[in-house]
Amino acid sequence: MLRLLQAVALIGLLVLGQDAAAQKLRLAFDNWPPFTDDALVNGGLATDIVSTALARAGYASGYEQVPWARALLGIGEGRYDVLVNAWYNDERTQIGQFSGEYLINRIRFLKRKDAPIEYNSLEQLHTYPIAVVRGYAYSAPFDADTAMQKVPVHNFAMGVRMLAADRVKLTLEDEYVAKYYLARESAKVRNSVEFLPKPLSENSLHILVSLKNPQHEQIVAGFDRAIAAMKADGTYEKLLRRHGM
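Parameters and conventions
Residues numbered from 1 in each chain as written. Predicted model: local features only at pLDDT ≥ 70, side-chain atom pairs only at ≥ 80, totals over all residues. Heavy atoms only, no water. UniProt positions renumbered as here; feature names shortened; annotations may be inferred. Core = buried A, V, L, I, M, F, W, Y, C linked by side-chain atoms within 4.5 Å. Buried < 20%, exposed > 50% of the residue type's maximum accessible area, 1.4 Å probe, protein only. Helix = DSSP H or I, 4+ residues; strand = E, 2+ residues; numbered from the N terminus. Contact = heavy atoms within 4.5 Å. Salt bridge = Lys/Arg side-chain N within 4 Å of Asp/Glu carboxyl O. Polar contact = N/O pair within 3.5 Å; in protein donor to acceptor, adjacent residues only side chain to side chain.

Looking up the chain in an unreviewed UniProt entry gives the name Transporter substrate-binding domain-containing protein, with the organism given as Pseudomonas triticicola. Looking at the chain in UniProt, the text filed under Sequence similarities (unreviewed entry) is "Belongs to the bacterial solute-binding protein 3 family."

Structure below.
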């Protein structure tokens, strides 16, 4: 009987171990410092917040940095479980479930300092070529505005260099991301551009959990509870300070 009990216990431990291993989530993000970047501490601010919250919800995780389009495709196909840094749009609900917000991104336009451009409505910007990052959702009105002269680029750094060279008239990005990149640009680029005062939008940042993962609802619910607990106990603020925010 003792041997039988020991065997049952061993089988139980093996099953639990397999379940735990099965719960290791595959996180994906693109290069978007200071929020996501595998060269930064714990993958950047957003990755650190997300992995910490998932760990508190009982999920181990590992992350991979890939181009944005590949990350989205991987979520749709189930090769990744969690997209770390997703802004909400309806189309993405076809491939994944969004969490509640865990950060806010303030999107602002940049122009050349010598350009007399004013922005109070999107209609005022219809005559200007605007560098936009492929695949990004900035705001529903902006994304849907077919009168905008959108010039696709690979990343913000490319867009702001085109702006400084007067190849486009505007570009746009999260304020903190833009400042991060501008600090690493040449003085010629950095000193030739400025923010327009009015933000385009304030976008909430979410994780997007693949619908191919059968536990996507539980993962999102656990993540949301963990974020609320982290804000209540001070963990969230500590992570912000760790990343200089």
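A. Structural context of the nonpolar core. The biggest cluster of nonpolar side chains holds 76 residues, and the ones touching the most others in it are Tyr102, Leu103, Phe109, Tyr138 and Phe142. Examining the composition of this core, we find that eight residues originate from one element, strand E9 (residues 193-210), more than from any other. Setting aside residues up to four positions removed in sequence, leucine 103 forms contacts with Phe35, Leu45, Ala46, Ile49, Asn203, Ser204, Leu205, Tyr236 and Leu240.

B. Structural detail: the pattern of salt bridges. Applying the stated criterion to the full structure yields 11 salt bridges. Notably, a salt bridge pairs aspartate 81 with arginine 26, separated by 3.0 Å at the nearest N-O pair. With aspartate 81 in the loop between helix H3 (68-77) and strand E3 (82-87) and arginine 26 in strand E1 (residues 25-29), this residue pair connects regions lying 55 residues apart in the sequence. Judged by its relative accessible area of 7%, aspartate 81 falls in the buried class. Notably, a salt bridge pairs arginine 161 with glutamate 185, separated by 3.1 Å at the nearest N-O pair. Of this pair, arginine 161 sits in helix H5 (residues 156-164) while glutamate 185 sits in the loop between helix H6 (175-182) and helix H7 (187-190); the two residues are 24 residues apart in sequence, bridging distant segments of the chain. Note on glutamate 185: relative accessible area 10%, which makes it buried.

C. Examining the side chain of arginine 112 more closely. On the secondary structure map, arginine 112 appears in strand E5 (residues 103-112). On the accessibility criterion, arginine 112 (18% relative accessible area) is buried. A polar contact of 2.4 Å, which involves the side chain of arginine 112, links it to the backbone oxygen of alanine 164.

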